[in-house]
Amino acid sequence: MAEHNPHYTMAREQRSSHNSVDDDKLEEGVPVEPVNESLIAEVTGAAFDDPNLDKEHLAFDDESPYPEVRSAVANTDDPTMPVSTLRSWVIGVIWAILIPGLNQFFFFRYPSVTITGIVAQLLSFPIGRAAAAFLPNWSIFGLKLNPGPFTVKEHVLVTIMATVGWQSAYATDIIAVQRVYYNQIYNFSYQWFLVMSTQLIGFSIGGVAKRFLVSPPSMIWPTNLVNCALFNTLHSQQYAGIGTRGGISRERFFVYGFIGSFVWYFFPGYIFQALSYFSWVTWIRPDNTTIAQLFGYVHGMGMSTITFDWSQIAYIGSPLATPWWAEANIFAGFLFFFWFLCPVLHFTNTWYGEYMPISSRTSYDNTGGEYDVTKILTPEGTIDLEAYHSYSPLFISTTFAISYGLSFASITATLMHAFLYFRKQIWVQARRSLHEQADIHARLMSRYPQVPEWWYLIVFATMFAIGIISIEVWPTQMPVWAFILALVISFSYVIPIGMIQAITNQQVGLNVITELIIGYALPGRPIAMMMFKTWGYITMAQALQFTSDFKLGHYMKIPPRTMFTAQVFAAVVAGTVQLGVQAWMFTNIRDMCDPKQPDKFICPSTEVFGTASIITQWGVIGPGLQFSKGQTYYGSCDPMAPKQKVPKQFLEIRELVSAAAEFLPVIFNGTGLIPPATAINYVPWAAVGFIFQYVVRRRHFSWWTKYNYVLSAALDSGVAISIVVIFFCLQYPENGRIGENTLSKWWGNTVPFDGADGNGIPIRQLAKGEKFGPATW
């Protein structure tokens, strides 16, 4: 698959090997000279106790001190290699139109498909190779159509343009909810201003955070290493950091893994879905509600623990990319909070949990049915307190309540953790320039002109201005001070959360804390709540996406100014395309977002987002009626608050856990995807991580160095392409009627979704007309 590329290979600089540790010698048990402890902090750039630092496999001078980076990233650079070519921009812009447009189209359909960045990364390679082979060697305005072989740097630039806006822009859901739930249809200018401001304003703070999150070698960004391994596998015949390890080549290993993953996914993903939801215990007694609550995968705790589906295993991130120490902490948190504390609280009927499934993202009323939003709304879309008190308080499942509590704990723990562990690192990096970094990659990148600070300032000022326009010109009920407060919250968390993500591969979310703040500050304003949450949360997420891409460019030696221009331009194109696709769909698709829409454009995410704007996230009800003192879930959102309904024997445990929050935010945040995630997504994930990131890494280090990240890329790629093929060839045609009376009906595709687990039957079932919960609220 790899072809010798004259631009890719460059003579290495003189290497001082006397301070390097030979990976093969370590694996063979040959004694090596102890590392120089005085150089470690300087070489790693980590002014803290770095959990990713492996002192047995350190390297100095012309190698990264981290074996993970050495195994995936080349420590050489060719500054003459073409990057910003006409063909790379054309291919990148086409992807920036196609992927966001298609993903936005299918975003409103159920079942849906998402074309991920790794699909673009894979498909861009043969497209680029074909362009290099068949385009004529002409020049247009001095730009060559075909400057030679398709280079790895061109490939990286194309991939970044394809992925910077591949997901549906968060703000497009605000526009859809306004149209569907509140009958507010504003013009395209409002929509464009809102989407551009929420998508791009984070880029400005992301640029400032570069010196803290990109330049230091200790900020490894594990997910990027999988992409780097794939890029180098496709383009290089020489691999960095693998010693003299023999065996098949990386590209052949990738091909074998990709084909196996692609073919196998047809079984758990389409032919035999019970292999994916392998809740075998519930199949023995499918109608037993207690077994369903503990061992089910749909509405249970997933204690069956087995799956044969890589998409389930990698649902929370590839276990081959996340460091083992982080996986161990997350798994420990999962065991305590969701396999110990959650069942105890649920089966003691705390928060009236036995009247609902133990794990569900749906909100319930006191009859056990789904909460009917319309019963408590005024015609203006705000809460009718009299109707609320005559209808029902809102109830959520036990896992949902614990998830909220952990979200609040992770937010406070993140700031404390950053202060205790990263304050010296932040201070050092604030004064250190790129060329002063000891890391070889930073030294190589210092050759390129950096992005001027005023570029970021222009982006911020422009997006801030159009954000103000979008909330002031149109009746959004959001004051300017709330907009500024949302940005302050987001910017304050970028560096602490970014450091945790760069080290652990886990991102702490700000959606819950922003919902809480705006719920108290401006209750009864659902549109303002959605906007505040988007600017307060997505701004931070976009900043970290921008920073993560810059780290990828840092590893692959992409000129920073080219990176910045490509990211901003592609983000504008992607957001505009998504708005155009969404506007066309609402104009031309009949009964759009209706639950009975014949083509299945039922808008499931819009429904969740709209309900959240009204109730679940306190846009109408407000946190005062959910989490304040005297309310049902008081204490679940504050780990330090006493809670009368929590059994007394657990109060001391909770206090210990609260103390640990200062030091282990990854424990609280790592389980943030529960629900809908269950043990099926955590136990196999931790088991695979233990095998590859601990056992194989320790006992067969050179194999791990050569193949680990390539294997992760192969498995991810195979599943991604298989999902696309299954959807477009077998599910989307004929509105999903292919095999509806044959394959879809056989036991292997129905058993996981039947019985008490699939139907979400609670332990305590109410008679008709019976209610649960407090007598007054």
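Every value quoted in this text rests on a predicted model; they were computed, and no experiment measured them.

A few words now on the side chain of Arg-697. Relative to the assigned elements, Arg-697 resides in helix H28 (residues 679-699). Taking relative accessible area as the criterion, Arg-697 reaches 12% and is therefore assigned buried. For Arg-697, the side chain forms a polar contact with the side chain of Glu-68, separated by 3.0 Å.

Take helix H8 (residues 188-208) next. When the terminal C-alpha atoms of H8 are compared, their 31 Å separation across 21 residues agrees well with the 30 Å that a helix rising 1.5 Å per residue should span. Its axis deflected by about 30° at Ser-197, H8 carries its strongest bend there. A large share of H8 lies buried, amounting to 16 of its 21 residues. The N-capping residue of H8, defined by a side-chain oxygen 3.2 Å from the backbone nitrogen of Ser-189, is Asn-187.

Quick look at the packing of aromatic side chains now. A ring pair, where both rings are aromatic, is described by two values, the distance of the centres and the angle of the planes. Counted according to the given criterion, the structure contains 53 aromatic pairs. Centroid distance Phe-464 to Phe-483: 5.2 Å. Interplanar angle 25°. Geometry classified as stacked. Note that Phe-464 is positioned in helix H20 (residues 453-472) and Phe-483 in helix H21 (residues 480-504), a separation of 19 residues in sequence. Judged by its relative accessible area of 25%, Phe-464 is partly exposed.

Of all hydrophobic cores here, the largest spans 192 residues; its most connected members are Met-478, Met-531, Trp-535 and Met-592. When residues of this core are assigned to their parent elements, the largest contribution, 18 residues, is made by helix H23 (residues 526-556). With near-sequence residues (within four places) excluded, Met-531 lies in contact with Ile-174, Tyr-190, Leu-194, Ile-471, Thr-476 and Met-478. Counting seven residues, the second-largest nonpolar core is a separate cluster that includes Leu-275, Phe-278, Trp-283 and Tyr-297.

We now examine unusual backbone geometry. For Thr-305, which is not glycine, the phi torsion reads 65° and is therefore positive. Here Thr-305 is to be found in the loop between helix H14 (289-295) and helix H15 (310-313). Here the phi dihedral of Lys-557 falls at roughly 65°; this positive angle occurs in a residue that is not glycine. Here Lys-557 shows up in the loop between H23 and helix H24 (560-588). Lys-557 sits in the buried class, given a relative accessible area of 2%.

Right, let's talk about the pattern of salt bridges for a bit. Under the criterion given, the structure shown has five salt bridges. Put simply, Lys-153 and Asp-77 hold a salt bridge, and the shortest N to O gap is 2.7 Å. One end of the pair, Lys-153, is in helix H6 (residues 152-163); the other, Asp-77, is in the loop between helix H3 (67-72) and helix H4 (86-107), and 76 residues separate them in sequence. Residue class for Asp-77 comes out buried when judged on its relative accessible area of 5%.

Bringing the environment of Phe-334 into the picture now. Structurally, Phe-334 is set in helix H16 (residues 324-347). Judged by relative accessible area, Phe-334 falls into the buried class, the value being 0%. Here the alpha-carbon distance between Phe-334 and Ile-667, two residues 333 residues apart in the chain, equals 7.8 Å.

Parameters at a glance
- Residues numbered from 1 in each chain as written.
- Predicted model: local features only at pLDDT ≥ 70, side-chain atom pairs only at ≥ 80, totals over all residues.
- Heavy atoms only, no water.
- Helix = DSSP H or I, 4+ residues; strand = E, 2+ residues; numbered from the N terminus.
- Buried < 20%, exposed > 50% of the residue type's maximum accessible area, 1.4 Å probe, protein only.
- Polar contact = N/O pair within 3.5 Å; in protein donor to acceptor, adjacent residues only side chain to side chain.
- Expected span 1.5 Å × (residues − 1).
- Bend = angle between axes of the 7 residues up to and from the residue.
- Phe/Tyr/Trp six-rings, centres within 6.5 Å; stacked < 30°, edge-to-face > 60°.
- Core = buried A, V, L, I, M, F, W, Y, C linked by side-chain atoms within 4.5 Å.
- Contact = heavy atoms within 4.5 Å.
- Salt bridge = Lys/Arg side-chain N within 4 Å of Asp/Glu carboxyl O.

All we've got here are geometric facts, nothing functional implied.
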